[in-house]
Each structure stands twice: as C-alpha cells, then as structure tokens.
Amino acid sequence: MTRIQKILFEYRDEKYGDFSAKLVPTLPRGAFIGVRSPCYKKIISQIHELPPDEVQDFLQALPHTYHEENSLHIALINKIKNYDECLSELKRFLPYINSWAVSDGLNPPALKKNKRKILPELEQWIRTGAPYTKRVGMLLLMKYFLDDDFKPEYLELPAQIRSEEYYVNMMTAWLFAEALVKQWDATLPFIQNKRLDSWTHNKAIQKACESFRVSPEKKEMLKSLRIKK
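In what follows, the accompanying structure is described.

**Focus: a positive patch on the surface**
At step 1: A surface patch of like charges, here positive, comprises Lys41, Lys79, Lys81 and Lys113.
At step 2: Among the secondary structure elements, Lys113 is positioned in the loop between helix 8 (109–112) and helix 9 (115–127).

This is how it looks when you write it as structure tokens:
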C-alpha cells in the first residue's frame, strides 16, 4: 500500500463506503474506501507534506485502485495553476475516469481562465467514443460557455450525440436543461425540432421543469413538447 493510500484509509468510513457504492453503481463495492467529501481538504494538506516526486508518482500511476484515489486525482488537477500543465495532466487522466462522481468533480480555475484555448479540446472530447471523456467535455461546456461567451453553435455537437451510455445521455440532458435556463431563445428550437434522441429530449425537459429558474409558463410549454412513447 502506498503512503497516499494509507492517508486515504485513515479517513475510512465503512457505512459511507456502502452509501457511495450505491450512488455509483457502475463500480463494485470493493472500489470504495469510504472517504467523505469534506475530508479531502485535510488529505490534500497531508499530501502536500510529501516529497513532490511521490505526488507526481501518484498522478502517473494509472489506473488507480480505488474510487477515492480518482477523486483525489481530480482534486489535485483542479489545483494546478498553470494552464498547459493542468490540461496535460487532465488529458493523461481522462481515459481512466470511470464514474460520473469523478468526472463531475472537475472544475480547474486554470482552464476556466483560458476558455478560448480549451474550447477546441472540449469539442474533440465530445466527439470521442469514451463515455466519461464525452461527459467531461459537455460538463465543461456547460460550466464555461452558457453565459456571456455563449453561441448557439456550441449546442450543435452535443445535439448530435446518439449513445447507449446512460451517463452520457444524462449529461446531455443536463447540458440542455441548463441551456434552457440560461439561453432560452437559442435552446428552445432544439427541443421544438426534436434534435435530441427521445430519452434525452424528455429528460432535458424534466430537468428544466424541476428548476426554480424556469417560469411556470415556460414549464407548461416544455411539458407540451414531451415525446410520447
């Protein structure tokens, strides 16, 4: 067992491990140590006391054994301040992301500060066949490009996705639900014209209707656009 694994096991909570495994059914129970999210701040502080080479070895020793190692890996990537280094570490880790819980923890300030540079990468990831790489691409597109930098064309690529992967389709639905909240006029035609597959179309409507940021009038309109089975 590595020293970083030993640190993670210091915060082990078996009952929380049981709970986490139920939230991430794509992984076996044995993949979970059972570390609660607030503990990672303390864990990272302990890891910073280790020799830099040891931390770098951890980042390069892929794939990891435990879900918490992957979560820690994402947390460390989030803290990399240099854009090129952050992107390089993320691209190396992308093929090893194996759950929504890890992918959705990604939000590095270094990438957000360089949105124009990251956009071509996101488009490439969305096109790829790897499910969680697609999810990361759409996640960052949602986080970084639905506000002042939004362009309707950014929704074209996600709208073309046809996948049998639940966590890909759920991310697409989440993206379009958020787009309906933030960019209603530009996003509504994608729903009116049924540009998404039926399941994702209906799920996007459902998630938008669950939002308090969508008016009752708009919710009624969206409900009328559901695709009946």
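**Some thoughts on the packing of aromatic side chains**
At step 1: With the rule as written, the count across this model stands at seven aromatic pairs.
At step 2: Taking 5.8 Å as the distance between ring centres and 40 degrees as the angle between the ring planes, the aromatic pair formed by Tyr16 and Phe19 counts as tilted. Placement of the pair is Tyr16 and Phe19 together in helix 2 (residues 14–23), with a separation of three residues, close to one helical turn.
At step 3: For Phe19, a relative accessible area of 43% translates into the label partly exposed.
At step 4: Each ring, one from Tyr166 and one from Tyr167, has its centre 4.9 Å from the other, and the planes form 90 degrees; the classification is edge-to-face.
At step 5: A relative accessible area of 44% means that Tyr166 is categorised as partly exposed.
At step 6: One aromatic cluster is present, formed by Tyr132, Tyr166, Tyr167 and Trp199 through successive ring pairs.

Procedures and definitions
Every chain is numbered on its own, with residues counted from 1 as its sequence reads. Predicted model: local features are reported for residues with pLDDT of at least 70 only, side-chain atom pairs are reported and counted for 80 or more only, and whole-chain, interface and lining totals are derived from all residues. As a rule here, side-chain values come from all non-hydrogen atoms in the structure, and water together with hydrogens is ignored. To count toward a patch, a residue needs a relative accessible area above 30% and no salt bridge. Like charges then connect within 9 Å, nonpolar side chains (Val, Leu, Ile, Met, Phe, Trp, Tyr) within 5 Å. Accessibility throughout is a Shrake-Rupley quantity obtained with a 1.4 Å probe, and a residue counts as covered only by protein chains that appear here. Within this document, salt bridges are pairs made up of a side-chain nitrogen of Lys or Arg and a carboxyl oxygen of Asp or Glu, the two lying within 4 Å of each other. Counting rule for charge: Lys and Arg are taken as positive, Asp and Glu as negative, and neither His nor the chain ends is counted. By convention, charge coordinates are those of NZ in Lys, CZ in Arg, CG in Asp, or CD in Glu. Here a strand is any run of E in DSSP of at least two residues, a helix any run of H or I of at least four, and the numbering for each starts at the N terminus. The aromatic pairing rule takes the rings of Phe, Tyr and Trp, using the six-membered ring of Trp, and pairs them if the centres are within 6.5 Å, calling planes under 30 degrees apart stacked, those over 60 edge-to-face and the rest tilted. Under the scheme applied here, a residue whose accessible area is under 20% of the maximum for its type counts as buried, over 50% as exposed, and between as partly exposed, the area being computed with a 1.4 Å probe on protein chains only.

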